[in-house]
Amino acid sequence: MRMAICRRAWLLMAWACLLSCVTAHVRADDPLTLVEDGQSKVSIHVQAGRSPLIDRAVQALLEAFAAASGTQPAVDPAAPATYQIILHQPTPAPMFSLEAQRIEIRTDGSVIHLQGGSDAAILWAATTFARKALNVGWPINGPAQRIGELRKTIAIAPINLTEEPGLLRRGMHMLGSHQDPQFDHVTGDWMAQNRMNMKLTHQFHFPRVYEALAARGIEPNTNVHSYFWLVPSELYDQHPQWFPIIKGQRVRKAGHGGVGMQLTVSGEGLADHIAAIARQWFRKYPHMQTFGVFPNDGREGWSEDPGDLEIDGPQRGTGVYSNRVVWLANEVAKRIADEFPDKYIGISAYANYREPPTIDIHPNVLVSFTTMRRNYLRSITDETDEDNRELMALLKAWLAKAKHVELYEYYSSADVGIGYLPMPVWRTMTQEYAQLKALGVEGVYSEMMVASSYLPTTSITMYFLARASWDPSATFEEILEDYCQLTYGAAAAPAMKEYWLTYEGAIRSKVKSLGFGTPVTDVLKALDGATITRLRKLVEQAWVAVEKTGSPEQIKAVSNQRALSLKMEIAVSDPAKLPYVGKNLLHNPGMEESTTNVPGWFSNVNQGKYETVLDRHMARTGRHSLRITAKEKGWARWMQTVPTTPGKTYLFAVWVKASQGAQGLVWAHQGSATTEGAILKFGPTQGQWRRVVIPALKAKSDSITLFLEHRGEGTVHFDDVYAAEIQLIIPLHD
């Protein structure tokens, strides 16, 4: 053993001596020619201990050199090349500290040093070097992309760069596949390559994703609805005091995921029970930094227990429950602080506990402030916006109470931001992140649809989230330029940049507010014929350019935007006038065949009390329409099934007139409640008829049922319904 150590030390000394001989011939200000005439002149050396993250750093460098020049540097050769990239051993530091996340890239003669405060930071230093020195990056899920042509010679100027993140926590809550464990490995790779370090992770997914996340430097954060699994109904007989008193009775069972039931937070032994679970998890999953003690979803189910009412204090009877949420988190944090002084108990400011507490918050409690109902077209710090002004007042109050606060966003979980209308929140990100950091916000993460069918819509938002949260000083124009160059290639980038500016400009100029729950119909009003024509022209210009010089991934990226622009055209057009749309497959689409019944259409009431009738006095065209009127809130629908051919693409469109308080769904259903791209919501239409369109749905079965649903109050009318095959290949890649 001793001889082996001495031999290793001797080899390191010999290697250092050889390296110094090579370095001595290169002056500090000389350019470093890493590739010359198609030959690699650089080698990669790992002084850090090998780990999955260090291996990823090496792989990122190899992939970057291959993308930039087609060359492959040697890794840890016995004799170093003319130039050397050294990955240094990091000094251990707490995961969510600046020290752990700081990266350094510097040249010393012929040596390029990549250093960081953690293995993850070494990986980030490698991908940052790839972007800044090699013009290579990872803008979308998949292989590295370069800007410009393959280069036979790469010479770089000396580098002296130190960077640290603007926001310490940068992450996503992956959604969209509707399959456990809500983790996509390709997206996980992309997050690691783009310096993101946190993923919201349900406890039941941990066994399947923990190792994969840790290997990418991503914390699996459990700060999500958790009361239901921390205290399952099986514990009722032994500990009834932990369960809520609702309307005078102890409640044992709630809906799925605990919806409709919270806990009696003051119940004897509850904090000890949860603290024991937290200790167990922190021991088993050391890469986890935050353990969520987070109420169940929904606003109902709060306990009437006298102990909880006492904890409410000034909030008693107001319908606000943040004192209870914070009190329980405080008690758990106190109990684990001795063993885990650098770990956090996570809570959320959400629903009817988004208002700040009147009690103090333990320094090891991390608050995730949810931004539902904000206006994404304005900075959250913009007090001229009524919705944002209200949210900002709440956020500032939490920041005054809590040591650790982060934002939970909804950049792509609402209708706008998932289907065919990207959420143009990108400029807002670059405007507000620096301001939020200055106020004391430590992180930001967002629900994000990451399934392959959503990526054409969400990729640009993901890239802005990663870039702007790392560097809040980066401008909207800088990040957009970078994204377009890498994603579409240098030749197509100018047209695609103008494409995104046109799309964003149209919405910002014509839509007053855009946020979670904004109906697609409100946004489509901004996309008039001239705008759609402009978008289609720009994307076709990009297509001509990328076909000649782009990589397969860049060609695919432009092709996907061609598909989205086509969907936008379908959504704002009369389908009967589009040459590539087939005949209407619906029977009685205008409800004009009879004055007493509705041939072809069927209705049912699934919950509540509704009247579903043929309205003979209200119509968009003709004389009749379908009507659903709420008597008692629930949901009801009209429906019709049309024949389809698996593999072919179909559109579904309907004109809707919804009164105040009304809301509903247009749902093209083909056997699964989670069919991607097949559900769109609508809200009140302010006395106007609005068209709701599912513009391109690929059939997976021999029939699709169109549901026209009312899920609110008031009255909804439906008229001039259209379902047809799109007789044009939609260039959308899986």
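**Q** I'd like a description of the overall build of the chain, backed by residues and values.
**A** Tallying secondary structure elements over the chain gives 18 helices and 29 strands in all. At 28 Å, the chain has a C-alpha radius of gyration in line with the 27 Å of a compact globule built from 734 residues. Projected onto its principal axes, the C-alpha positions of the chain cover 95 × 70 × 45 Å. Here the chain holds 734 residues, and 59% of them are scored as buried. Nonlocal contacts in the chain, meaning residues at least 24 apart in sequence, comprise 74% of its contacts between residues at least 6 apart. When the 74 positive and 75 negative side-chain charges of the chain are each reduced to one mean point, those points stand 2 Å apart.

**Q** Describe the packing of helix α15 (residues 493-510) against helix α17 (residues 529-549), naming the residues involved and giving the relevant values.
**A** Taken N-terminus to C-terminus, the directions of α15 and α17 make an angle of 165°; their axes are 8 Å apart at the nearest point. Compared by their axis directions, α15 and α17 come out roughly antiparallel. Crossing geometry of α15 relative to α17 is assigned as left-handed. The segment α15 lies against α17, with A495, M496, E498, Y499, T502, Y503, A506 and K510 engaging T531, R534, L535, L538, V539, Q541 and A542. Here the contact of α15 with α17 is composed, by residue class, of nine nonpolar, three polar and three charged.

**Q** Now, about the packing of aromatic side chains: what can you tell me, with residues and values included?
**A** Within the structure shown, the criterion is met by 29 aromatic pairs. Ring geometry for W229 versus F291: centroids 6.0 Å apart, planes at 75°, classification edge-to-face. Remark: F291 occurs in strand β17 (residues 290-292) and W229 occurs in helix α7 (residues 227-230); sequence separation between them is 62 residues. Measuring from centroid to centroid gives 5.5 Å for Y463 and Y483, while their planes differ by 45°, and the two rings are tilted. Here Y483 lies in helix α14 (residues 476-488) and Y463 lies in helix α13 (residues 455-470), a separation of 20 residues in the sequence. Given a relative accessible area of 3%, Y483 falls into the buried group. Put simply, the rings of F206, Y210, W229, W281, F282, Y285, F291 and F340 pair up and form one aromatic cluster. One residue, R562, lies across the ring of W543, its end atom 4.4 Å from the ring centre.

**Q** With reference to specific residues and values, describe the sheet that holds strand β4 (residues 74-75).
**A** Read from one edge to the other, the open sheet built from six strands follows the order β4-β3-β5-β7-β6-β11, with strand pairing classed as mixed. Each of the sheet's edge strands pairs with one partner strand only, and the pair in question is β4 and β11 (160-163). Examined bridge by bridge, strand β6 (residues 103-108) and strand β7 (residues 111-116) share six bridges and lie antiparallel to one another. Following the sheet pairing, E104 is matched in β7 by Q115. Contacts between helix α4 (residues 119-134) and the sheet are confined to β5 (83-87), β6, β7 and β11, with β7 contributing the most and set at about 135° to the helix.

**Q** So what's going on with the pattern of salt bridges? Which residues, and what values?
**A** When the charged atoms of two side chains with opposite charge come close together, those side chains can pair. According to the stated counting rule, one finds 41 salt bridges in the structure shown. Linking D189 and R56 is a salt bridge whose minimum nitrogen-to-oxygen distance equals 2.9 Å. Residue D189 is located in helix α5 (residues 185-193), and its partner R56 is located in helix α2 (residues 52-69); the two are separated by 133 residues in the primary sequence. You can call D189 partly exposed: its relative accessible area is 23%.

**Q** Outline the pairing of strand β21 (residues 443-449), supporting the account with residue identities and numerical values.
**A** Most of β21 is tucked away: seven of the seven residues are buried. Sheet topology note: the strand β12 (residues 169-175)/β21 ladder contains seven bridges and is parallel. Looking at β21, one finds that M172 is bridged to S446. Bridge count for strand β20 (residues 404-409) against β21 is four bridges, and the pairing is parallel. Each residue of the ladder has a partner; that of E406, found in β21, is G443.

**Q** Could you give an account of the side chain of N364, naming the residues involved and the relevant values?
**A** Within the fold, N364 resides in the loop between β18 (344-349) and β19 (365-370). Relative accessible area serves as the criterion here: at 13%, N364 is assigned to the buried category. Ignoring sequence-local partners within four residues, the contact set of N364 consists of A333, A337, F340, P341, K343, Y344 and I345.

**Q** Could you give me a rundown of α15, with the residues and numbers involved?
**A** Turn by turn, an α-helix covers 3.6 residues, leaving residues three or four places apart pointing in a common direction. Over its 18 residues, α15 extends 26 Å from the first C-alpha to the last, a length consistent with the 26 Å expected when each residue adds 1.5 Å. Inspection of α15 places A493, A495, M496, Y499, W500, T502, Y503, E504, A506 and I507 among the buried residues, and these make up the whole buried set. On the buried face of α15, the contacting elements are α12 (426-439), α13, α14, α16 (520-524), α17 and α18 (552-572).

**Q** Give me α4: which residues, what numbers.
**A** Taking 1.5 Å as the rise per residue, α4 with 16 residues should run 22 Å; its terminal C-alpha atoms sit 22 Å apart, in good agreement. For α4, a buried count of 13 out of 16 residues is recorded, marking the element as mostly surrounded by other parts of the structure.

Scoring rules and cut-offs
- Residues numbered from 1 in each chain as written.
- Predicted model: local features only at pLDDT ≥ 70, side-chain atom pairs only at ≥ 80, totals over all residues.
- Heavy atoms only, no water.
- Helix = DSSP H or I, 4+ residues; strand = E, 2+ residues; numbered from the N terminus.
- Rg over C-alpha atoms; globule rule 2.2 N^0.38 Å.
- Buried < 20%, exposed > 50% of the residue type's maximum accessible area, 1.4 Å probe, protein only.
- Contact = heavy atoms within 4.5 Å.
- Lys, Arg positive; Asp, Glu negative; His and termini not counted.
- Charge placed at Lys NZ, Arg CZ, Asp CG, Glu CD.
- Axes fitted to C-alpha atoms, helices over the stretch in contact; angles between N-to-C directions.
- Parallel < 35°, antiparallel > 145°, perpendicular 65-115°, else oblique.
- Left-handed = near helix turned anticlockwise from the far one by under 90°.
- Nonpolar A, V, L, I, M, F, W, Y, C, P; charged D, E, K, R; others polar.
- Phe/Tyr/Trp six-rings, centres within 6.5 Å; stacked < 30°, edge-to-face > 60°.
- Lys NZ or Arg CZ within 6 Å of the ring centre and 35° of its normal.
- Pairing = 2+ DSSP bridges.
- Salt bridge = Lys/Arg side-chain N within 4 Å of Asp/Glu carboxyl O.
- Expected span 1.5 Å × (residues − 1).

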